[in-house]
Amino acid sequence: MTLSTRPDVAALVTLAAAALVTALVVPLVRRLGLRWGLTDAPDPRKQHTTPMVRLGGIGIVAGFALALGLIWGLDGFGSLPPEKDRLIWTTLAGALCYFAIGLSDDLFALPPLPRLAGQVAVAIAVWSQGVRIGSIELPFSGLGQAEPLLVLPAGLSLLATVIWLVGITNAINWLDGLDGLAAGVSGIAAVGLLSVSYSLDQPAAGLLAAALAGACLGFLRHNFNPARIFMGDGGSYFLGFALAAISIVGPAKGITSVSLLLPLLILSLPLADMSAVIMGRVSAGHSPFYPDRRHLHHRLLRAGFSHRRTVVLIYAFTQWLAALALVRANAENRFLWLALATAVLIGVVIGCRRSLNREQQAGDGG
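Definitions and cut-offs
- Per-chain numbering applies: the sequence of each chain, read as written, is numbered from 1 onward.
- The predicted nature of this model means local features are confined to residues of pLDDT at least 70 and side-chain atom pairs, given and counted, to a pLDDT of 80 or more, with totals for whole chains, interfaces and linings taken over all residues.
- By convention in this description, side-chain values take in all heavy atoms of the structure and omit both hydrogens and water.
- Here a helix means four or more residues in a row that DSSP labels H or I, a strand means two or more in a row labelled E, and each is numbered from the N terminus.
- With a 1.4 Å probe rolled over the protein chains alone, any residue whose accessible area is under 20% of its type maximum counts as buried; one over 50% counts as exposed, and the rest are partly exposed.
- Should any heavy atoms of two residues lie within 4.5 Å, those residues are counted as being in contact.
- Using the Shrake-Rupley algorithm and a 1.4 Å probe, accessible areas are obtained, with residue cover drawn only from the displayed protein chains.
- Helices are assigned an expected span. That span is 1.5 Å times one less than the residue count.
- Residues enter patches when their relative accessible area tops 30% and they take part in no salt bridge; the joining distance is 9 Å for like charges and 5 Å for the nonpolar side chains Val, Leu, Ile, Met, Phe, Trp and Tyr.
- Salt bridge, as used here: a side-chain nitrogen of Lys or Arg that lies within 4 Å of a carboxyl oxygen of Asp or Glu.
- Counting rule for charge: Lys and Arg are taken as positive, Asp and Glu as negative, and neither His nor the chain ends is counted.
- Positions of charges follow a simple convention, taking NZ of Lys, CZ of Arg, CG of Asp or CD of Glu.
- What pLDDT conveys is the predictor's confidence in a given residue, as a value from 0 to 100.
- Note on method: axes are straight lines fitted to C-alpha atoms, helices fitted across the in-contact stretch only, with angles between N-to-C directions ranging 0 to 180 degrees.
- The cut-offs work like this: below 35 degrees is roughly parallel, past 145 is roughly antiparallel, 65 to 115 is roughly perpendicular, and the gaps in between are oblique.
- If you view the pair so one helix is near and one far, a crossing is left-handed when the near helix is turned anticlockwise from the far one by less than a right angle, and right-handed when it is turned clockwise.
- Three residue categories are used. Nonpolar comprises Ala, Val, Leu, Ile, Met, Phe, Trp, Tyr, Cys and Pro, charged comprises Asp, Glu, Lys and Arg, and polar comprises the others, including Gly.
- The set of buried Ala, Val, Leu, Ile, Met, Phe, Trp, Tyr and Cys residues whose side-chain atoms join them within 4.5 Å is what this entry labels a nonpolar core.
- Two aromatic rings from Phe, Tyr or Trp, using only the six-membered ring of Trp, form a pair when their centres are within 6.5 Å; if the ring planes differ by under 30 degrees the pair is stacked, by over 60 it is edge-to-face, and anything between is tilted.

A. Structural detail: the overall build of the chain. Looking only at helices and strands, the chain features 13 helices and five strands. Within the chain, the fraction of its 366 residues that count as buried is 50%. Taking as baseline every contact in the chain between residues at least 6 positions apart, the subset at least 24 positions apart corresponds to 74%. By element, 67% of the accessible surface of the chain is carried by carbon and sulfur atoms, the whole surface being about 16100 Å².

Following this line, the structure appears as structure tokens:
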């Protein structure tokens with residue numbers, strides 16, 4: 001028996017290996033960053049009050065890549081068709097390119113437009129290699145009939161793919177405003193994509209998602225509040241692109257066909273937050289890249305929620321959305337997972353609200 005015949009075991013091995021490698025590499029990166037003075041200084045927009053190393057993305061990439069190398073060596077991917085093999089390697093290459101763009105910004109503070117141009121160029125390159133939205137299965141159909149398929153011409157396919165890859169990447173990047181927030185949401189989304197990929201018989205993409213989930217878990221060991229290191233733009237760009245690309249090559253019934261409803265559900269929170277922030281900035285007469293405190297996590301903090309409760313609340317909502325995606329994908333035990341996710345969400349909301357009320361009452365009493 002090989003791991004290719006036991007995709008569940010292969011996914012667990014991949015996740016565990018990525019978590020372990022990331023957890024071990026990140027402290028080394030932190031020590032080197034402190035020694036070389038590669039830190040992020042505090043300012044009024046940020047939550048930290050002391051300089052922090054923001055190169056944790058190196059650990060995430062190391063965990064992801066080494067875990068995939070291990071599972072590849074153990075024949076976890078099995079024998080892939082040439083076109084699927086190309087998609088896997090293209091996804092990894094594109095994620096590494098996005099990491100390089102973000103790392104360059106971490107080290108040299110690049111302006112927004114060159115970063116955006118680099119993201120678009122890489123998105124075009126991976127589209128040319130087959131990581132693309134070629135057709136969309138519309139989320140409605142007659143009972144017992146196949147879902148209608150909207151086939152996109154090359155120009156629209158390129159436009160949709162670029163918007164998808166660049167949009168999700170920047171949504172995750174903009175979510176990275178609180179300790180553990182981007183890593184936790186990305187990890188939950190990766191677990192959702194892992195489950196959906198296996199439900200749709202896409203084990204290769206599932207292994208990519210497992211490696212991503214493990215890397216996020218290992219990084220959270222050092223990044224959850226109070227954080228000892230930040231992932232930086234290199235880490236958030238890598239996570240965002242990987243999630244976006246896996247959602248194309250994974251939850252698909254063909255090489256160029258994808259039901260966008262599944263990844264849209266899983267990633268709807270960061271996408272909605274990014275859209276609201278952009279509209280708010282533009283309506284105020286500012287550039288979409290204008291720095292401010294309009295993000296959802298900033299609003300929750302202003303409403304009185306603590307740093308940790310804000311992060312946990314967003315986690316709970318993200319895992320509920322992932323459970324909805326499992327229902328849409330007809331995953332096994334999908335309604336059980338949705339019920340559990342709903343119970344977790346309700347419990348977290350009630351717990352956060354009660355804690356907030358107690359703090360407000362204590363403040364009034366004082």
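B. The arrangement of helix 1 (residues 7-36) in detail. Between the first and last C-alpha of helix 1 there are 42 Å, a value that for 30 residues agrees with the 44 Å anticipated at 1.5 Å per step. Along helix 1, the residues classified as buried are Ala10, Ala11, Thr14, Ala17, Ala18, Ala19, Thr22, Val26, Val29 and Gly33. Residues of helix 1 that are buried in the fold lie against strand 1 (39-40), strand 2 (52-53), helix 2 (57-73), helix 6 (181-199) and helix 7 (203-223). Glycine 37 lies just past helix 1 and shows a positive phi near 75°.

C. Fine view of a positive patch on the surface. Together, Arg30, Arg31, Arg35, Arg221 and Arg228 give the surface a local cluster of positive charge. Position of arginine 31 relative to the elements: it lies in helix 1. According to the relative accessible area criterion, arginine 31 is partly exposed, its value standing at 49%.

D. Broad picture of the confidence of the model for the chain. Averaged over all residues, the pLDDT of the chain equals 87, while 89% of them reach at least 70. Per-element mean pLDDT across the chain ranges from 46 in strand 5 (residues 257-258) up to 97 in helix 4 (residues 112-128). The low-confidence segment residues 141-145, where pLDDT is below 50, has three contacts with residues more than four positions distant or belonging to other chains. Taken together, the stretch residues 252-258 has pLDDT below 50 and engages in 23 contacts with residues farther than four places along the chain or on a different chain.

E. Representation of the pattern of salt bridges in the model. Under the counting rule described, the total for this entry stands at five salt bridges. The partner of aspartate 106 in a salt bridge is arginine 54, with the nearest N and O atoms 2.9 Å apart. Of the two residues, aspartate 106 sits in helix 3 (residues 82-108) while arginine 54 sits in the loop between strand 2 and helix 2, which places them 52 residues apart along the sequence. Here arginine 54 ties to aspartate 233 by a salt bridge, and the two come within 3.6 Å at their closest N and O atoms. Here arginine 54, found in the loop between strand 2 and helix 2, pairs with aspartate 233, found in helix 8 (residues 232-249); they are 179 residues apart in sequence, far enough to count as distant. One salt-bridge network, held together by shared partners, links Arg54, Asp105, Asp106, Arg115 and Asp233.

F. Local environment of helix 8. With 18 residues, helix 8 ought to run about 26 Å at 1.5 Å a step, and its terminal C-alpha atoms sit 26 Å apart, in line with that. Burial runs high along helix 8: 18 of the 18 residues are buried.

G. Structural view of a nonpolar patch on the surface. Judged by side-chain polarity, Leu156, Leu159 and Ile163 come together as a nonpolar surface patch covering roughly 290 Å² of accessible area. Relative to the elements of secondary structure, leucine 159 occurs in helix 5 (residues 154-175).

H. Region of interest: the packing of helix 3 against helix 8. The contact between helix 3 and helix 8 brings their axes to 7 Å, and the two run at 160°. As far as their axial angle goes, helix 8 and helix 3 are roughly antiparallel. Handedness of the helix 3/helix 8 crossing: right-handed. Residues of the contact of helix 3 with helix 8, tallied by class, amount to twelve nonpolar, six polar and four charged.

I. Structural context of the nonpolar core. Formed by 96 residues in total, the largest nonpolar core has its most connected members in Phe64, Trp164, Leu165, Leu212, Phe238, Leu239 and Leu243. Among the elements that take part in this core, helix 7 stands out by supplying 13 residues, more than any other. If we skip the residues at most four places from it in the chain, leucine 239 touches Ile60, Ile172, Ala183, Ser186, Leu212, Cys216 and Met231.

J. Focus on the side chain of arginine 115. The topology assignment puts arginine 115 in helix 4. Note on arginine 115: relative accessible area 15%, which makes it buried. Ignoring sequence-local partners within four residues, the contact set of arginine 115 consists of Ile101, Asp105, Leu110, Asp233 and Tyr237.

K. Expanded view of the packing of aromatic side chains. Taken as a whole, this structure holds six aromatic pairs when the rule is applied. Relative to tyrosine 315, the ring of phenylalanine 224 has its centre 6.4 Å away and its plane inclined at 35°; by these criteria the two rings are tilted. On the criterion of sequence distance, the pair formed by phenylalanine 224 in the loop between helix 7 and helix 8 and tyrosine 315 in helix 12 (residues 307-328) is long-range, its members being 91 residues apart. A residue is classified by how much of its surface remains accessible, and phenylalanine 224, at 27% relative accessible area, is partly exposed.

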